[in-house]
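Next come the chains, spelled out residue by residue.
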Amino acid sequence: MSTPVLEGWFTLGDKPQLLGSRCSVCGTYYFPKLQGYCRNPDCSSERFEEVPLSRSGKLWSFTSASYQPPEPYIASAPFQPFGIAAVELLKEKMVVLGQLATGTELASLKAGLDMELVLEPLDDGKLTWKWKQVRA
Amino acid sequence: MSTNKDIAILGVGMHPWGKWGKNFVEYGVKAARDALADSGVNWRDIQFVSGAATMRNGYPGYVAGATFAQALGWQGAQVNTSYAACASGSQALAAARSKILSGECEVALVIGADTTPKGFLKPAPGERPDDPDWVRFRLGITNPTYFALYARRRMEIYGDTQDDFALVKLKNAEHGALNPYARYRKKFTVEDVRASAMVADPLRLMDICATSDGAAALIVSSLDYAKRIGKASAPRIAAISTVTPSFASAVIEMPDLATDSAVACEPQRFRAALPRKAYEEAGIGPEDISLAEVYDLSTALELDWIEDLQLCARGDGAKLVRAGVTKLGGRLPVNTSGGLACFGEAVPAQALAQVCELAWQLRGEAGERQVTNAKVGITANQGLFGHGSSVIVKR
């Protein structure tokens, strides 16, 4: 197994999950993990627990990176364009960004599709989370 | 109710937008001198200099108010510098209004200028996994990603098309062609837009605004002062909204990787909150608006703004552009200046440039861009870190 691009941001294995935090008082979720103070204006909690976030959700929107992003993105040569998805997690009531799984055709996507979290290497071999369409 | 909180715009000035390779101070001084000449106020009579900071020009940029006061010749005025990302100009304007309304000064210079680098805006170097801005670039998520996600969402929910977005570009290019301060003054066809390179699907290069050098300045005063110098009929600022977002923000915002979670609080739209506060403050409604200057970082985003300003129902923005409503000569012209499409963003100057355009329009001095019988104009913009603004100018 290769190294994650960010340490402690997601679990490894077949059913990976993003690691967020949840306010112990009002229940608000955060990704990435939050330390310090709950951002709910009606909550003054400073206590959070680390929680794995839902590993599936509904596609909110999607796009592509057709131009090579600047550093610190590490691109292989020649640059391979990739997709990006915004996925709504229903339980957490939040939208989370990530690259689209390699090989996803944008033309095959539409808002509302079921998506799930997978792990794939970035161009430099480091593992990251990506969103993949759930095949029925 | 609102009249006693109004201030007058006595003069406006700009330096043409472009890539001129000069120091930002030079652009600012040109804009300030033009605004002073336009107002008829002597520089020595200015009691407060309110600058919008630029983060890209070192210390002189962080203390922009003092930098411009010195460049114009120290004359003892009080100074202020505001930083609020894309809303820096509006925040500098709000500082001047507070001084004027509290009676601490009668007449002020508000000014913003920038020199901008080429290409993608990118984060500072180094390995910084605790900085969300570093993380998103590490994962390949650039600024156009966010504009593209909003654009695609429109296509998915409202049925907008890429050609609708192209129509926004065509319209703004036609407006900008008539504006001597605009950087890009060329007209385009839908085919031109279709042929431009894809950046972030569905947005092409011509759908996304560039970054530019530029400067804009305003001379503002109390209504009493305006009357005393024979400018009782100068356009007035009726509202300056610089509200922050309300938790839980439901729209994914640059540079975040996730929205707020709406588990404990209702989901909110920041963009819509900005003009709402401005309307409330001015005691003016969307039905009173003659024209709008909105922050078209992308073509599709102009449509979002039109809806956030309540100029049409949510989802109807594209219908307006298709029907020519938002074009010069239409019922409700949007971005008569040419907008960011023709200017390119010069961060600290941009919100003030929007107000300059409204002032010219309300004075009937917009030349070939003139909106017939323009009475009330509104601006809107949004930037990073919970900053944004909406300003209402009336006759």
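All residue numbers refer to positions counted from 1 along the written sequence of the respective chain. Note on labels: chains are lettered from A, ligands numbered from 1, in written order. Predicted model: local features are reported for residues with pLDDT of at least 70 only, side-chain atom pairs are reported and counted for 80 or more only, and whole-chain, interface and lining totals are derived from all residues. Hydrogens are left out, water is left out, and the side-chain values use all remaining heavy atoms of the structure.

Asker: For this particular structure, what's the right way to read the sheet that holds strand 1 (residues 7–18) of chain B?
Answerer: Strand-to-strand pairing in sheets goes through backbone hydrogen bonds, with the strands running parallel or antiparallel. Residues and elements named next belong to chain B. For two strands to count as paired, DSSP must find a minimum of two bridges between them. Counting from the N terminus, the helices are the DSSP runs of H or I reaching at least four residues and the strands are the DSSP runs of E reaching at least two. If you trace the nine strands from one edge of the open sheet to the other, you get 3-2-4-7-1-8-11-10-9, paired in mixed fashion. Of all strands in the sheet, those with a lone pairing partner are strand 3 (78–82) and strand 9 (291–294), marking the two edges. Each strand of the sheet is rotated relative to its neighbour by a mean of 20 degrees, with strand direction disregarded. Pairing of strand 2 (residues 48–52) with strand 4 (residues 107–114) involves five bridges; the strand directions are parallel. Looking at strand 4, one finds that Ala52 is bridged to Gly112. With axes taken as lines fitted to C-alpha atoms, and helix axes fitted only over the stretch in contact, angles between N-to-C directions fall between 0 and 180 degrees.

Asker: Mind showing me how you'd approach the domain arrangement of chain B here?
Answerer: Residue and element names in this part refer to chain B. Domain start and end points were adopted from an automatic or database domain assignment. Once the domains are mapped, chain B shows domain 1 (3–118 + 213–234) and domain 2 (132–210 + 238–394). Put simply, the middle of domain 1 and the middle of domain 2, counted by C-alpha atoms, are 24 Å apart. Contacts are assigned to residue pairs with any non-hydrogen atoms lying within 4.5 Å of each other. Between domain 1 and domain 2, the residue contacts involve 44 residues of the former and 36 residues of the latter. Buried surface area refers to the total accessible area, computed with a probe of radius 1.4 Å, that the two partners give up upon joining, counted for both partners together. Summing both sides of the interface, domain 1 and domain 2 together bury roughly 2900 Å²; the carbon and sulfur share of this comes to 68%. Sorting the residues of domain 1 by area buried against domain 2 places Met14, Trp17 and Cys86 first, and these three jointly supply 26% of that buried surface. The rule for a salt bridge is simple: a side-chain nitrogen of Lys or Arg has to be within 4 Å of a carboxyl oxygen of Asp or Glu. At the boundary of domain 1 with domain 2, the tally comes to three salt bridges. The partner of Glu281 in a salt bridge is Arg97, and the shortest N-O contact between them spans 2.8 Å. In the analysis that follows, any N or O atom pair within 3.5 Å is treated as a polar contact, provided that within protein one partner can donate a hydrogen and the other can accept it, and provided that, for residues neighboring in sequence, both atoms belong to side chains. Taken together, the links from domain 1 to domain 2 amount to eight residue pairs in polar contact (both at pLDDT 80 or more). Mapped onto the side of domain 1 that touches domain 2, the elements with two or more residues apiece are strand 1, helix 1 (24–39), helix 4 (88–101), strand 4 and strand 7 (213–221). It is strand 1 that contributes the most residues to the side of domain 1 that touches domain 2, 10 residues altogether.

Asker: How do you make sense of the interface of chain A and chain B when you look at a structure like this?
Answerer: Reports often express the size of an interface as the amount of accessible area lost when the parts come together. Contacts between the two partners involve 46 residues from chain A, matched on the other side by 38 residues from chain B. Contact between chain A and chain B buries roughly 3500 Å² in total, counting both sides, with carbon and sulfur atoms accounting for 68%. Linking chain A to chain B there are one salt bridge. Measuring nitrogen to oxygen at the nearest pair gives 2.5 Å for the salt bridge that ties Arg138(B) to Asp124(A). Residue assignment for the side of chain A that touches chain B shows that the elements contributing at least two residues are strand 2 (29–30), strand 4 (56–65), strand 5 (82–89), strand 6 (94–100) and strand 8 (127–133) of chain A. Of all the elements, strand 4 of chain A adds the most residues to the side of chain A that touches chain B, at six residues. In this classification, Asp, Glu, Lys and Arg are treated as charged, Ala, Val, Leu, Ile, Met, Phe, Trp, Tyr, Cys and Pro as nonpolar, and every other residue, Gly included, as polar. Per-class residue counts for the side of chain A that touches chain B are 28 nonpolar, 10 polar and eight charged.

Asker: Where do I start with the nonpolar core in this structure?
Answerer: Grouped burial of nonpolar side chains is what soluble globular proteins tend to show. In terms of nonpolar packing, the biggest core is built from 92 residues, with Leu18(A), Phe31(A), Trp129(A), Trp131(A) and Ile392(B) touching the most fellow members. Considering every element that reaches this core, the biggest residue donor is helix 6 (residues 143–158) of chain B, with seven residues. Here, nonpolar core refers to any group of buried Ala, Val, Leu, Ile, Met, Phe, Trp, Tyr and Cys residues whose side-chain atoms link them within 4.5 Å. Exposure categories follow from relative accessible area, calculated using a 1.4 Å probe and restricted to protein chains: below 20% of the type maximum is buried, above 50% is exposed, and the middle band is partly exposed. Ala96(B), Val110(B), Ala182(B) and Cys356(B) belong to the second-largest nonpolar core, a separate cluster that totals 39 residues.

Asker: What am I meant to see in the sheet that holds strand 5 of chain A here?
Answerer: A barrel is described by the order of its strands in space; here five strands give the closed sequence 4-5-6-8-7 (chain A), paired in mixed fashion. Neighbouring strand axes in the sheet, compared pairwise and without regard to direction, differ in orientation by 45 degrees on average. Bridging between strand 4 of chain A and strand 7 (residues 114–121) of chain A involves three bridges; their strand directions are antiparallel. Bridge assignment links Gly57(A) to a residue of strand 7 of chain A, and that residue is Met115(A). Against the sheet, helix 6 of chain B touches strand 4, strand 5 and strand 6 of chain A, its axis set at about 120 degrees to strand 4 of chain A.

Asker: Hey, could you run me through the side chain of Arg97(B) in this one?
Answerer: All names here are of chain B. Within the secondary structure, Arg97 sits in helix 4. On the basis of relative accessible area, Arg97 is assigned to the buried category, the value being 13%. A polar contact of 2.8 Å, which involves the side chain of Arg97, links it to the side chain of Glu281. When sequence neighbours within four positions are dropped, the list of residues in contact with Arg97 reads Lys5, Ile7, Ala239, Ile240 and Glu281.

Asker: Would you explain the packing of aromatic side chains in this entry?
Answerer: Each aromatic ring pair is described using two quantities: the centre-to-centre distance and the angle formed by the ring planes. Each pair of aromatic rings taken from Phe, Tyr and Trp, with Trp reduced to its six-membered ring, is defined by centres within 6.5 Å and is described as stacked if the planes are under 30 degrees apart, edge-to-face if over 60, and tilted in the remaining cases. For the coordinates displayed, the defined rule picks out 11 aromatic pairs over all chains. Judged by centre distance (6.1 Å) and plane angle (65 degrees), the ring pair of Phe10(A) and Trp129(A) falls under edge-to-face. Of this pair, Phe10(A) sits in the segment before strand 1 (19–23) while Trp129(A) sits in strand 8, and the two are 119 residues apart along the sequence. Judged on exposure class, the residue Phe10(A) and its partner Trp129(A) are both buried. Measuring from ring centre to ring centre gives 5.5 Å for Phe31(A) and Trp129(A), while their planes differ by 85 degrees; the resulting arrangement is edge-to-face. Separated by 98 residues along the polypeptide, Phe31(A) in the loop between strand 2 and strand 3 (48–52) and Trp129(A) in strand 8 bring together distant segments of the chain. Side by side, Phe31(A) and Trp129(A) carry an identical accessibility label, which is buried. Counting every residue linked through ring pairs, the aromatic cluster contains Trp9(A), Phe10(A), Phe31(A) and Trp129(A). We call a charge positioned over a ring when the NZ of a Lys or the CZ of an Arg lies within 6 Å of the ring centre and within 35 degrees of the ring normal. A cation over a ring is seen here: Arg271(B) above Tyr150(B), with NZ or CZ 5.3 Å from the ring centre.

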